[in-house]
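Take a look at the letters that make up each chain.
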Amino acid sequence: MIKINAAFIILFFIFSNLVAQENSYFSPTDFEIDTENNQLIIAGKTANEIRSYNLSDFSLKKSLITDLTPKAVKLAGDNLLITQSYSEGELLIVDKNSLTIKSGIKVGHGACDIAVTSDFKTAFVANQFSNDISVVDLELQKETNRISVLRQPMQLEISKDGKYLFVANFLTAHAADLDTVTTEISIIDLETETLIKNIPLANGSNALRGMSLSADGKYIFISHNLGRFQVPTTQLEQGWMNTSAMSMLDATTLEFVATVLLDEPENGAAGSWGISCSPEFIFVAHSGTQDFSKIDYPKFIEKLNLTKNKEVLSYDLRFLSDIRTRIKVDGNGPRVLKVSGKQLFVANYFTDNINVFDTNSTLQQNIALSKNSEMDEVRLGEMYFNDASYCFQGWQACNGCHPDEARTDGLNWDLLNDGMGNPKNCKSMLLAHKTPPAMITGIRATAEIAVRKGFTHIQFTQVEEAHAAVVDKYLQSLKAIPSPFLIEGELSEKAQKGKAIFESISCKYCHTGAFFTDQKQHEIGNQGEYDHQNTWDTPTLIETWRTGPYLHDGRSASMKDVFSKEKHGLREDLSEEEVEWLTEYVLSL
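The rules behind the values
Residues numbered from 1 in each chain as written. Predicted model: local features only at pLDDT ≥ 70, side-chain atom pairs only at ≥ 80, totals over all residues. Heavy atoms only, no water. Buried < 20%, exposed > 50% of the residue type's maximum accessible area, 1.4 Å probe, protein only. Helix = DSSP H or I, 4+ residues; strand = E, 2+ residues; numbered from the N terminus. Pairing = 2+ DSSP bridges. Contact = heavy atoms within 4.5 Å. Axes fitted to C-alpha atoms, helices over the stretch in contact; angles between N-to-C directions. Lys, Arg positive; Asp, Glu negative; His and termini not counted. Salt bridge = Lys/Arg side-chain N within 4 Å of Asp/Glu carboxyl O. Polar contact = N/O pair within 3.5 Å; in protein donor to acceptor, adjacent residues only side chain to side chain. Phe/Tyr/Trp six-rings, centres within 6.5 Å; stacked < 30°, edge-to-face > 60°. Lys NZ or Arg CZ within 6 Å of the ring centre and 35° of its normal.

A. Structural view of the pairing of strand β14 (residues 164-169). The element β14 is extensively covered by neighbouring structure, given that six of its six residues are classed as buried. Burial along β14 is two-sided: the face carrying Y164, F166 and A168 and the face carrying L165, V167 and N169 are both buried. Where strand β13 (residues 153-158) meets β14, five bridges bridge the pair, whose relative direction is antiparallel. Its bridge partner being in β14, E157 is matched across the sheet by F166. In sequence, β13 turns back onto β14 through a hairpin of five residues, with G162 there showing a positive phi of about 75°. With five bridges joining them, β14 and strand β15 (residues 184-189) adopt antiparallel strand pairing. Within the sheet, the bridge partner assigned to A168 lies in β15 and is I185.

B. Representation of the pairing of strand β7 (residues 88-95). The pairing of strand β6 (residues 79-85) with β7 spans seven bridges and is classified as antiparallel. Bridge assignment links L81 to a residue of β7, and that residue is I93. The turn linking β6 back onto β7 is made up of two residues. With six bridges joining them, β7 and strand β8 (residues 101-109) adopt antiparallel strand pairing. By the bridge assignment for β8, V94 is matched with I101. Turn length for the β7-β8 hairpin, with the two strands adjacent in sequence and antiparallel, is five residues, and the turn residue L99 shows positive phi of about 55°.

C. Examining helix α3 (residues 377-386) more closely. Counted residue by residue, α3 has seven buried out of ten residues, so it is predominantly covered. Every buried residue of α3 is accounted for by R379, G381, E382, M383, Y384, F385 and N386. Packed against the buried residues of α3 are β25 (334-340), α4 (403-406) and α6 (465-477).

D. The sheet that holds strand β5 (residues 70-76), seen in detail. The strand order across the open sheet formed by four strands is β5-β6-β7-β8, and the pairing between neighbours is antiparallel. The outermost strands of the open sheet, each flanked by one partner alone, are β5 and β8. Each adjacent strand pair in this sheet contributes to an overall mean axis angle of 20°, direction not counted.

E. Representation of the side chain of D137 within the structure. Within the secondary structure, D137 sits in strand β11 (residues 132-137). No salt bridge is formed by the buried D137. Its closest oppositely charged neighbour is K142, at 7.5 Å. Within the structure, the side chain of D137 is placed 2.8 Å from the backbone nitrogen of L140, a separation counted as a polar contact. If near-sequence neighbours (up to four positions away) are discounted, D137 is found in contact with K121, K142 and T144.

F. Summary view of the packing of aromatic side chains. Following the criterion strictly, the structure yields 13 aromatic pairs and no others. Members of the aromatic cluster, connected to one another through ring pairs, are Y219, F221, Y297, F300 and F319. The ring of F319 has K303 lying over it, and the distance from NZ or CZ to the ring centre is 5.0 Å.

G. Broad picture of unusual backbone geometry. Cis geometry marks the peptide bond from P436 to P437, where omega comes out at 5°. In this structure, P549 follows G548 across a cis peptide bond, with omega equal to 0°. Mapping P549 onto the fold places it in the loop between β32 (535-537) and α9 (559-564). Despite not being glycine, N131 has its phi angle at roughly 55°, a positive value. The residue E488 is not glycine, and still its phi comes out positive at about 50°. Looking at where E488 falls in the secondary structure, it is placed in the loop between α6 and α7 (493-504). Judged by relative accessible area, E488 falls into the exposed class, the value being 72%.

What is shown is where atoms sit, not what they do.
Quick look at the structure:
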C-alpha cells in the first residue's frame, strides 16, 4: 500500500482549490478603490470571493473566500465592510489590508448595498427581501435598528450633510392595474432613524439598479427601466416598450426633479446599471448594450434649468444628444462603474474583467479576473438573457421585463399572443420549464416555445436554435431563494396554522404537488372588464413572497389582498386572523 504524506494531501487540496478559483467565473458585482492603500478591492458574486489588487500594476495582493454570495463592499476607515447573503444576510467587518475577518453581524434577508456615515461609526445595509434597512453600530458591532421601507431596497446613498439616507426600492409595491404604477425612493431621517418620505418616480419606473450622489452633493441620480406598460407591445421603435432612464432628486428639498432618457432615437441603452459622478461628468453603465454614457454635468444642469416643462423629458430621446457621448467597453455586462481621480473603472460581469479608462475615455488597462475563455451553457444563456444585442436596435433584453435573475418587473403588459387590450401581470420565470403551460393564459404549451416567441415578438429578432436552447438552460438552472417569512428555515407558528387551513379548504385542489400547481386552467370568478377569457393557468406558489402584485392582472398589491378582498376561493367564515395565518403560509413557500 502506498503511504501518502499528510502534508502532501493538504498541499494537493490547496493547489486544487487555487486551480478551481482560477478556472471558475468571478462575476464582479461591486468594488471599492482604496487610493490610501493603493488597492482595488473587488467582490466576485459567483466566486464567493473578495480580492484586492495593487493599483500600480494590478497584481493580485490578497483574497478572501466568503461563506455566502458577496453582494457589496464599502470602505470604512481601516475596515472593509462586506455584505454576504443567500437568504439571511450578514455584514462582515474585515481588515482592509489583510482581508481578515474581524466579526460578522447578522442583518436582514437578501442583504446587499451598504452606506456608511462620515465618521465610520454607523453602517446601513439594504435588505432586499425583508424590505428593510439594518442600522449597524460599527463600534459595538451589532445591529441596533431595522427600518421598514417599501419593496426590495437595493441601493443606498447618504446626503452630503449626513442628514438623510436615500433608498432605491427596486420594484413597485402597489397593484399593477392602476393608471400610475411606479417605484419610489424612500428617504430616512438619520437623526431619528425614521422613514419620512417616499418619492415616486416617473410612471412605469422599475428595476432601480444604480444610484449616486452628485459630486457637489446637490442631486441624487438613479438609473432604471421605464416601462411603457400603457400601450400594447406592437413595436420597439422610439422606446415603445421599454426605455432606459435616469431620474434625479433634489438632495436638499427632497423633491423629484426630472426623468431623462438614456436611449437615442434609433439606438437603445438597455440595462442601465451603475452611476458614478465627478465634478465634470455623470457616468452611467449600460449593461445590455456593452457601453456607458459620459454626460457633461454642468451642461446637463444648464440645459435642464432651461426646460420649462420637465415632465416631457421622460419621452424625449434627444435631450442628451449634444451633451453626452457613449463609449464601448471591452467586455460584456458592464454593471458597476466608479470614478477615481482621472480614471474610470468599469466592471464587466460576464467577461470577468475590469476596464480602466482615462479622462478622455481611452481604455488604459484591462484587468482579467478569471482565466475562462469559454462559457458553459448556463453562463452563456444568462449572458444572452441580459444582452440587448439580440434585440432590434438594442432597446431591451429579456431582463427588461424579467429583471433580477429572471423574476418579474411587477407591471402589466398587453402582449399580443392572446389578443389586444387585455394586459396581464408579468410572471417570474422561476420553474417555468417545470410547470407548463406557459403564460397566465396558458397560451404557450411550454416555456421553450415561450422563450423563442419572446425573441420573435418581444425582441423583434430571430435567434438561432442554439441561442434559445442555452437560454432554456439558464432558466432551468434558477433556484428558489428561501422565504424571509421562514424562521431558521422552518415555518413560523402562524404559518403552520395557515398550512392547516390551506390543506382543509379548496386551495390544495389547484395548488398541489411539489410546485403547488396542478398545471391546469380554472375559472376563479375574477374576469376583468377587458379580459378575453375567464380561465387562468394555475401558477406555482414557490417564491410567491417575491412575485407580487398578484392575480392575472396584478389587481392585488399583497397576498393578504388576494384573500381578504378577492376571497379567491375562501370560505366566508374565515376570520381576519385565519386569513393572516393563511397569508403567512403562502408567503413562506
